[in-house]
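# Observations on the three-dimensional arrangement
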Amino acid sequence: MKLSVIVPVYKAEAYLRECVDSLLGQTLRDMEIILVDDGSPDGSGAIMADYAARFPERVRTLTLSNGGQGRARNRGIDIAQGEYLGFVDSDDYVLPEMYELLCRTADAEGADIVDCEIEAFYPDGSTERLRTWRDERPIAAAGSACNKLFRRAFVGDTRFPEGVKYEDFAFSAKLLLRSNKTVHLPDAPYRYRIGQPSTMHNADSRMNLDLLEVMEDLREGMDPVKDRDDFEFLVLNHVLLDAIKRVAAQHGPERDACLRALRGYVHREIPRLESCAAYRAETPARRAVMRLNYMGLQNLALKLLALKKG
């Protein structure tokens, strides 16, 4: 079998049919769809059973107690039969040609990973292209596992971390660092729904500290000299820029303590921004926001970002 696509399912009844229909409609036919019910309390299980009954040769289901998206994906990997692995979130969908395009590219290029762009769409109908590749640096694509194709033999026994957030980032970053060949495609066949509850939108500030645990786990598999620039790139973009921006926009009681912890981690890893090659390589606009966050002026950075977006 060419491909296994794994879909963790939790409170997804409003969007699950659109997601599964987009996978059944793929131009690539040699594939299986593995739906993993992560103890969903709504009607998602019944929808999964309906698809499995109507498409027994193409849809497989697995039911678990609630244990988080990482564990659900891992169980899917364990039973996957495909040469390649793909992941789709149950409230998203993909265009019909996505997996044929990614598999054809992986075969032609001998790639361990193929990455594509993401088209985000908002409740008001607006859309935004999310860049997943910058400066010819594969590690810049770390973030979502859903816009990627992974060669199953290359993945081996690598799994998503369980019991922590940022499992997507951890899994994709670890594999991107190991990949002998990663190919980026400028197409954007993955459709990401903005506005659903997730790590990126949750008001619990402390969950963002899971990122520091993930960063330390990544460090253990990196060469302290050869991979130092990539590690600093991840610190800048995922801790200093994204995580601090996310926590700064929240209003929970632990917001300020979490901001101090995140900023303290960056200060320890990068004592002087100007001496950091990854920082100097950023655009002036991104450097400005990073500098404000580094100085503890994250509220001003939020205003700057709002002006830029406006």
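An account of the accompanying structure is given in this report.

Each value, and the rule that gives it
Residues numbered from 1 in each chain as written. Predicted model: local features only at pLDDT ≥ 70, side-chain atom pairs only at ≥ 80, totals over all residues. Heavy atoms only, no water. Helix = DSSP H or I, 4+ residues; strand = E, 2+ residues; numbered from the N terminus. Rg over C-alpha atoms; globule rule 2.2 N^0.38 Å. Buried < 20%, exposed > 50% of the residue type's maximum accessible area, 1.4 Å probe, protein only. Contact = heavy atoms within 4.5 Å. Areas by Shrake-Rupley, 256 points an atom, 1.4 Å probe, with all protein chains shown as cover. Lys, Arg positive; Asp, Glu negative; His and termini not counted. Charge placed at Lys NZ, Arg CZ, Asp CG, Glu CD. Polar contact = N/O pair within 3.5 Å; in protein donor to acceptor, adjacent residues only side chain to side chain. Expected span 1.5 Å × (residues − 1). Pairing = 2+ DSSP bridges. Salt bridge = Lys/Arg side-chain N within 4 Å of Asp/Glu carboxyl O. Axes fitted to C-alpha atoms, helices over the stretch in contact; angles between N-to-C directions. Parallel < 35°, antiparallel > 145°, perpendicular 65-115°, else oblique. Nonpolar A, V, L, I, M, F, W, Y, C, P; charged D, E, K, R; others polar. Disulfide = S-S within 2.5 Å. Phe/Tyr/Trp six-rings, centres within 6.5 Å; stacked < 30°, edge-to-face > 60°.

### Side note on the overall build of the protein chain
On a plain count of helices and strands, the protein chain comes out with twelve helices and nine strands. Over its C-alpha atoms the protein chain spans a radius of gyration of 19 Å, differing by no more than 12% from the 19 Å that the globule rule assigns to 310 residues. Taking the principal axes of the C-alpha coordinates as reference, the protein chain spans close to 60 × 40 × 35 Å. Split into buried and exposed, the 310 residues of the protein chain put 52% on the buried side. For the protein chain, long-range pairs separated by at least 24 residues make up 77% of all intrachain contacts whose partners lie at least 6 apart in sequence. With the model as given, the accessible surface of the protein chain reaches about 13,900 Å², and the carbon-plus-sulfur share is 51%. Counting 43 positive and 49 negative side-chain charges, the protein chain places the centres of these two groups 4 Å from one another.

### Overview of unusual backbone geometry
Note: most peptide bonds trans; most residues except glycine with negative phi. Positive phi, normally seen in glycine, also occurs at Lys11, with a value near 50 degrees. With respect to the helices and strands, the residue Lys11 is situated in the loop between strand E1 (3-9) and helix H1 (16-24). Classification of Lys11 as exposed rests on a relative accessible area of 53%. Positive phi, normally seen in glycine, also occurs at Tyr166, with a value near 65 degrees.

### Focus: the side chain of Asn237
Examined against the element boundaries, Asn237 turns out to sit in helix H8 (residues 228-248). Reaching out from Asn237, the side chain makes a polar contact with the backbone oxygen of Phe233 at a distance of 2.9 Å. Apart from residues lying up to four places away in sequence, Asn237 is in contact with Arg134, Asp242, Glu282, Arg286 and Met290.

### Looking at helix H4 (residues 98-109)
Here H4 spans 17 Å end to end across twelve residues, near enough to the 16 Å set by a 1.5 Å rise per residue. Buried residues of H4: Met98, Tyr99, Leu101, Leu102, Cys103, Thr105 and Ala106, and no others.

### Here's the deal with the pairing of strand E6 (residues 113-121)
Judged by how many residues are buried, E6 sits mostly within the fold: nine of nine residues are covered. Summarising the sheet, E6 and strand E8 (residues 148-151) pair through three bridges and their orientation is antiparallel. Within E8, the residue paired with Val114 across the bridge is Leu149. With eight bridges joining them, E6 and strand E9 (residues 182-193) adopt parallel strand pairing. Counted as the bridge partner of Ile118 is Tyr190 from E9. Inspection of the sheet shows E6 paired to strand E7 (residues 127-130) by four bridges, in the antiparallel sense.

### A few points about the pattern of salt bridges
What the rule picks out here adds up to 26 salt bridges. Linking Glu109 and Lys181 is a salt bridge whose minimum nitrogen-to-oxygen distance equals 2.9 Å. Residue Glu109 is found in helix H4, and its partner Lys181 is found in the loop between helix H6 (167-178) and E9; the two are separated by 72 residues along the sequence. Overall, Glu109 belongs to the partly exposed group, its relative accessible area being 39%. Salt bridges linked by common partners bring Glu216, Arg219, Arg228, Glu232 and Glu269 together as one network.

### A short note on the packing of helix H7 (residues 210-220) against H8
Contact geometry for H7 and H8: axes closest at 11 Å, N-to-C directions at 175 degrees. Considering the angle they form, H7 stands roughly antiparallel to H8. Across the interface between the two elements, Leu211, Leu212, Met215, Leu218 and Arg219 of H7 pack against Arg228, Phe231, Leu234, Val235, His238, Val239 and Ala243 of H8. A breakdown of the residues in the contact of H7 with H8 according to their chemical character gives nine nonpolar, one polar and two charged.

### Structural notes on the environment of Ala111
Locating Ala111 in the fold gives a position in the loop between H4 and E6. Judged by its relative accessible area of 1%, Ala111 falls in the buried class. In the structure, Ala111 is positioned 47 residues away from Thr158 in sequence and 17 Å away in space, judged by C-alpha atoms. Beyond its immediate chain neighbours, meaning those up to four positions away, Ala111 contacts Ala106, Arg151, Lys181 and Val183.

### Section: the state of the cysteines
Throughout the structure, instances matching the rule amount to zero disulfides. Left without a disulfide partner, Cys103 is nearest to the cysteine sulfur of Cys116, which lies 12 Å away.

### Comments concerning the packing of aromatic side chains
Counted under the stated rule, the structure contains seven aromatic pairs. Measuring from centroid to centroid gives 6.3 Å for Tyr51 and Phe55, while their planes differ by 25 degrees, and the two rings are stacked. A residue is classified by how much of its surface remains accessible, and Tyr51, at 1% relative accessible area, is buried. Taking the centre distance of 3.9 Å and the plane angle of 10 degrees together, the rings of Phe160 and Phe171 count as stacked. A residue pair is termed long-range when its members are at least 10 positions apart, and Phe160 in the loop between helix H5 (152-155) and H6 and Phe171 in helix H6 qualify at eleven residues. Overall, the relative accessible area of 1% leaves Phe171 in the buried class.

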